[in-house]
Amino acid sequence: MAVSKRDDATHIAILEGRNLIEYYVSRPADDVFQIHGNIYLGRVQNVLPGMEAAFVDIGTPKNAVIYRGDVQHDTDEHDGSSGQPKIEQILRARQPILCQVTKNPIAHKGARLTTEVSLPGRFVVLVPNSTTYGISKRLSDQERKRLRGILDRVRPAEHGIIVRTAAENVTAAEIERDVTGLLEQWRQIEKLSKQAKAPALLYREPDMSTRVIREEFNKEYRNVVIDDQALYDDVSDYVRAITPALAERVEFYDQSAEELPLYERFHVHEQLHKALDKKVWLPSGGSLIIESTEALTVIDVNTGKNVGKSSLEETVFQNNLEAAEGIAHQLRLRDIGGIIVIDFVDMENKKNRDEVMRVFRRALNRDKTRTQVFDISALGLVEMTRKRIGEGLLESLSVQCPHCAGRGVNISEGVADEPRKSGR
């Protein structure tokens, strides 16, 4: 992990070997828009029964939205209603509610909320006032059994707990310390919620560098390299407090003593520029064209310069295998979310189509963001979704063109000023 502090932002690059796989940007001005995980005492503005949703004022420029499925309710209070109560039976205008942001505001859409609050720690996630009980499926059965025994001892009776993958081989004392810290954090939030007047911020997620280290940093990382002394001191102290065994892997990169800036030293800049281009070259000469619209992202696979050596079917098959790996990498690097449609080059052999999908799903398993993939359709298209939490890489590193408003074209001079003809 390479962390570079600039005047206007903090940049975080995650590399596997020399390959850039994830990139994050955190700006001081992002406090209004990068609010995922924040907890608020909101005030219901209006309830829309026809949409099964409500708009909630949380103090941001745009009201946030909460859907019926994300509203927890007291079963005793609504016991008389048949089936699940409707949203207008649970929420009313000007009602204060304790809620958490599950999705950042994007473009003209406000943030998305839930009333099921969760507090992430280093090794566990605390789910207050819940019966939730879970252990990461990425852990082995033996490790899950060990952690279940620890969890039975340290789990608070009135709250739920989810054990994270980072808890692998962690001692009972460390897990208990994590749970105790989260419980104290929740008590402070509850206390503040009783004193505050809606809308009010009750809990703010830590800055991006701390958050990424909390979510990502584990024994699989060789090191975290930071080029700012103050940030290095903060991160070093944080890691020493939560994971002392990894503290020595946090390193300071003194640019005054080095020949190259941090990101040039690790070849981040050149890879970043390629990740912002809509065309991506594959190893054997094929290419991907990645274009996004408001509704979805479309990825077109081309053979390009890849002419193969044997048959057309084999050439297309090998090209699609490379594309499957490349697409999974680009989705993660560019942080593309929402609906995604992929047009692989047509394959006649069903066995080849199945193998491409197997390779694609395996490559997506390395992505911690939840995805859902469907098989190749009759038109040769793959439909999938990737959970969208915030804006993508391109949006975080660019500003909208003032001349074309992001369309990418300027209307010819005089055309826009011509009056519309009747009947047109």
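Here, every reference points to the structure presented above.
Because the structure is predicted, anything quoted here is derived from the model rather than measured.

Q: Can you break down the sheet that holds strand E9 (residues 119-120) residue by residue, with the values?
A: Within the open sheet, the four strands sit side by side as E9-E10-E12-E11. Their pairing is mixed. What marks the edges here is a single partner per strand, and that holds for E9 and strand E11 (133-135). Examined bridge by bridge, E11 and strand E12 (residues 160-163) share three bridges and lie parallel to one another. Note on E12: the bridge partner recorded for Tyr133 is Ile161. Running over the sheet, helix H2 (residues 141-154) touches E11 and E12 and is turned about 145 degrees from E11.

Q: An account of the pairing of strand E1 (residues 2-5) is requested, with residue identities and associated values reported.
A: Pairing geometry for E1 and strand E14 (residues 224-226), over two bridges, is parallel. From the neighbouring strand, Val3 faces E14, where its bridge partner is Ile226. Pairing analysis gives four bridges linking E1 to strand E2 (residues 10-16), with the strands arranged antiparallel. Note on E2: the bridge partner recorded for Lys5 is Thr10. Taking the residues between adjacent antiparallel strands as the criterion, E1 and E2 are bridged by four residues.

Q: Any details on the pattern of salt bridges? Residues and values, ideally.
A: Should the charged atoms of two oppositely charged side chains come close, the side chains can pair. Scanning the entire structure with this criterion turns up 19 salt bridges. Here Glu325 makes a salt bridge to Arg362, at a shortest N to O gap of 3.5 Å. Remark: Arg362 occurs in helix H9 (residues 350-364) and Glu325 occurs in helix H8 (residues 312-334); sequence separation between them is 37 residues. For Glu355, the salt bridge identified is with Arg358, shortest N-O distance 2.8 Å. Remark: Arg358 and Glu355 occur in helix H9; sequence separation between them is three residues, near one turn of the helix. Its relative accessible area of 43% is what places Arg358 among the partly exposed residues. A network of salt bridges, in which partner residues are shared, links Glu22, Glu216, Arg332 and Lys368.

Q: Which residues make up the packing of aromatic side chains, and what values do they have?
A: Per the stated rule, a full pass over the model turns up four aromatic pairs. Note on Phe344 and Phe360: the rings are 6.3 Å apart at their centroids and 80 degrees apart in plane angle, and the pair reads as edge-to-face. Remark: Phe360 occurs in helix H9 and Phe344 occurs in the loop between strand E19 (338-343) and H9; sequence separation between them is 16 residues. Taking NZ or CZ as reference, Arg265 lies 4.9 Å from the ring centre of Phe266, over its face. In this structure, Lys305 packs its charged tip against the face of Trp281, placed 4.8 Å from the ring centre.

Q: Give a description of the sheet that holds strand E16 (residues 279-281) that names residues and reports values.
A: Spatially, E16-E17-E18-E19-E21-E20 is the arrangement adopted by the six strands of the open sheet, whose pairing is mixed. On the outer flanks of this sheet lie E16 and strand E20 (371-373), each paired with one strand and no other. Direction aside, neighbouring strands of the sheet carry axes that sit 20 degrees apart on average. As defined by bridge partners, E20 adjoins strand E21 (residues 381-386) across three bridges and the pair is classed as antiparallel. When the sheet's bridge partners are listed, Thr371 is paired in E21 with Arg386. Where H8 meets the sheet, it contacts E16, strand E17 (287-292), strand E18 (296-302), E19 and E21, and its direction lies at approximately 150 degrees from that of E18. Relative to the sheet, H9 contacts E19, E20 and E21, its axis offset from that of E20 by approximately 175 degrees.

Q: Please give an account of the nonpolar core that cites residues and values.
A: Nonpolar side chains in soluble globular proteins generally cluster together in the buried interior. Ranked by size, the top nonpolar core spans 29 residues in total, and within it Ile327, Ile342, Phe344 and Phe360 carry the most contacts. At the level of secondary structure, the elements contributing two or more residues to this core comprise E17, E18, H8, E19, H9 and E21. With near-sequence residues (within four places) excluded, Ile327 lies in contact with Leu288, Ile299, Val301, Ile342, Phe344 and Phe360. Ile39, Leu139, Leu182 and Leu183 belong to the second-largest nonpolar core, a separate cluster that totals 26 residues.

Q: So what's going on with the packing of H8 against H9? Which residues, and what values?
A: Relative orientation of the contacting elements H8 and H9 amounts to 20 degrees, with a least axis distance of 9 Å. Comparing their axes, H9 and H8 come out roughly parallel. Where H8 crosses over H9, the handedness of that crossing is right-handed. Of H9, the residues touching H8 (which contributes Glu313, Phe317, Asn320, Leu321, Ala324, Glu325, Ile327, Ala328 and Leu331) are Asn352, Glu355, Val356, Val359, Phe360, Arg362, Ala363 and Leu364. Considering only residue class, the contact of H8 with H9 consists of 11 nonpolar, two polar and four charged.

Q: Any chance you could break down the environment of Thr131 for me, citing the residues and the numbers?
A: Relative to the helices and strands, Thr131 resides in the loop between strand E10 (124-127) and E11. For the pair Thr131 and Ala328, spaced 197 residues apart in sequence, the C-alpha separation works out to 35 Å.

Q: Could you give an account of unusual backbone geometry, naming the residues involved and the relevant values?
A: A cis amide bond links Ala198 to the next residue, Pro199, at an omega of 0 degrees. Along the chain, Pro199 turns up in the loop between helix H3 (172-195) and strand E13 (200-203). Its identity as a non-glycine residue notwithstanding, Asn169 has a phi of 65 degrees, on the positive side. Along the polypeptide, Asn169 turns up in the loop between E12 and H3. The backbone of Asp335 shows a phi angle near 55 degrees, a positive value even though the residue is not glycine. If you trace the backbone, Asp335 turns up in the loop between H8 and E19. Exposure remark for Asp335: the relative accessible area of 32% places this residue in the partly exposed category.

Parameters at a glance
Residues numbered from 1 in each chain as written. Predicted model: local features only at pLDDT ≥ 70, side-chain atom pairs only at ≥ 80, totals over all residues. Heavy atoms only, no water. Pairing = 2+ DSSP bridges. Helix = DSSP H or I, 4+ residues; strand = E, 2+ residues; numbered from the N terminus. Contact = heavy atoms within 4.5 Å. Axes fitted to C-alpha atoms, helices over the stretch in contact; angles between N-to-C directions. Salt bridge = Lys/Arg side-chain N within 4 Å of Asp/Glu carboxyl O. Buried < 20%, exposed > 50% of the residue type's maximum accessible area, 1.4 Å probe, protein only. Phe/Tyr/Trp six-rings, centres within 6.5 Å; stacked < 30°, edge-to-face > 60°. Lys NZ or Arg CZ within 6 Å of the ring centre and 35° of its normal. Core = buried A, V, L, I, M, F, W, Y, C linked by side-chain atoms within 4.5 Å. Parallel < 35°, antiparallel > 145°, perpendicular 65-115°, else oblique. Left-handed = near helix turned anticlockwise from the far one by under 90°. Nonpolar A, V, L, I, M, F, W, Y, C, P; charged D, E, K, R; others polar.

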